[in-house]
Amino acid sequence: MDFIDALKDVAQHIERLKDSVQTEQAAKAAFVLPLIQALGYKIFDTTEVCPEYIAATPGLKGEKVDYAILINGVDK
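Read on for an overview of the structure.

Reading the values: the criteria
- Residues numbered from 1 in each chain as written.
- Predicted model: local features only at pLDDT ≥ 70, side-chain atom pairs only at ≥ 80, totals over all residues.
- Heavy atoms only, no water.
- Helix = DSSP H or I, 4+ residues; strand = E, 2+ residues; numbered from the N terminus.
- Buried < 20%, exposed > 50% of the residue type's maximum accessible area, 1.4 Å probe, protein only.
- Salt bridge = Lys/Arg side-chain N within 4 Å of Asp/Glu carboxyl O.

Glancing now at the overall build of the protein chain. Scanning the protein chain from terminus to terminus reveals two helices and three strands. When the elements of the protein chain are put in sequence order from the N terminus, they spell out α-α-β-β-β. Counting only C-alpha atoms, the protein chain reaches 35 × 30 × 20 Å along its principal axes. Counting all 76 residues of the protein chain, 22% fall into the buried class.

Written out as C-alpha coordinates, the structure reads:
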(Lines give C-alpha, C1' and ligand atoms only; values in the text may rest on other atoms or scores of the structure.)
Protein backbone atom coordinates (compact mmCIF):
# COMPACT_ATOMS: atom_id res chain seq x y z
CA MET A 1 0.00 0.00 0.00
CA ASP A 2 1.42 3.36 -0.92
CA PHE A 3 1.33 6.52 1.17
CA ILE A 4 -1.71 8.06 -0.58
CA ASP A 5 -3.73 4.85 -0.10
CA ALA A 6 -2.70 4.72 3.56
CA LEU A 7 -3.92 8.29 4.10
CA LYS A 8 -7.18 7.53 2.31
CA ASP A 9 -7.69 4.54 4.61
CA VAL A 10 -7.10 6.73 7.66
CA ALA A 11 -9.57 9.32 6.35
CA GLN A 12 -12.23 6.63 5.83
CA HIS A 13 -11.51 5.21 9.27
CA ILE A 14 -11.95 8.66 10.85
CA GLU A 15 -15.17 9.27 8.93
CA ARG A 16 -16.61 5.96 10.22
CA LEU A 17 -15.68 6.59 13.85
CA LYS A 18 -15.98 10.36 14.28
CA ASP A 19 -19.46 10.30 15.83
CA SER A 20 -18.72 7.48 18.27
CA VAL A 21 -15.54 8.83 19.85
CA GLN A 22 -16.36 10.36 23.23
CA THR A 23 -13.09 10.70 25.15
CA GLU A 24 -9.58 12.01 24.58
CA GLN A 25 -8.08 8.53 24.91
CA ALA A 26 -10.55 7.17 22.36
CA ALA A 27 -9.66 10.01 19.98
CA LYS A 28 -5.97 9.22 20.31
CA ALA A 29 -6.58 5.53 19.60
CA ALA A 30 -9.04 6.11 16.76
CA PHE A 31 -7.53 9.14 15.01
CA VAL A 32 -4.00 10.06 16.10
CA LEU A 33 -2.31 6.65 16.24
CA PRO A 34 -3.62 5.48 12.85
CA LEU A 35 -2.34 8.72 11.28
CA ILE A 36 1.09 8.37 12.90
CA GLN A 37 1.22 4.78 11.69
CA ALA A 38 0.19 5.81 8.14
CA LEU A 39 3.10 8.26 8.19
CA GLY A 40 5.37 5.25 8.58
CA TYR A 41 6.18 5.28 12.28
CA LYS A 42 6.06 2.20 14.52
CA ILE A 43 3.39 3.20 17.02
CA PHE A 44 4.20 0.33 19.40
CA ASP A 45 7.92 1.12 19.54
CA THR A 46 8.41 3.64 22.34
CA THR A 47 11.88 4.49 21.06
CA GLU A 48 10.16 5.84 17.94
CA VAL A 49 6.72 7.06 19.12
CA CYS A 50 6.70 8.01 22.77
CA PRO A 51 3.33 8.65 24.47
CA GLU A 52 3.01 11.26 27.23
CA TYR A 53 6.43 12.67 26.42
CA ILE A 54 7.74 15.40 28.70
CA ALA A 55 8.46 18.39 26.50
CA ALA A 56 11.77 20.13 27.05
CA THR A 57 11.28 23.06 24.72
CA PRO A 58 11.28 26.75 25.58
CA GLY A 59 7.87 27.82 26.80
CA LEU A 60 6.84 24.32 27.87
CA LYS A 61 8.04 23.81 31.42
CA GLY A 62 8.07 20.03 31.57
CA GLU A 63 4.55 19.72 30.23
CA LYS A 64 3.59 16.47 28.54
CA VAL A 65 2.70 16.18 24.89
CA ASP A 66 0.43 13.33 23.81
CA TYR A 67 2.97 11.80 21.42
CA ALA A 68 6.53 12.59 20.41
CA ILE A 69 8.23 11.25 17.31
CA LEU A 70 11.79 10.25 18.19
CA ILE A 71 14.67 9.89 15.73
CA ASN A 72 17.17 7.23 16.82
CA GLY A 73 15.52 7.26 20.24
CA VAL A 74 16.05 11.01 20.68
CA ASP A 75 13.57 13.89 20.36
CA LYS A 76 14.27 16.44 17.66
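Enumeration according to the criterion identifies four salt bridges in this entry. The residue Glu52 makes a salt bridge to Lys28 at a minimum N-O spacing of 3.3 Å. Placement of the pair is Glu52 in strand E1 (residues 49–54) and Lys28 in helix H2 (residues 24–38), with a sequence separation of 24 residues. Residue class for Glu52 comes out partly exposed when judged on its relative accessible area of 38%. The exposure class assigned to Lys28 is buried, which follows from its relative accessible area of 5%. With its nearest N and O atoms 3.2 Å apart, the salt bridge here joins Lys28 to Asp66. Within this pair, whereas Lys28 is found in helix H2, its partner Asp66 is found in strand E2 (residues 64–71), the two being separated by 38 residues in sequence. Shared partners join several salt bridges into a network, and the residues in it are Glu24, Lys28, Glu52 and Asp66.

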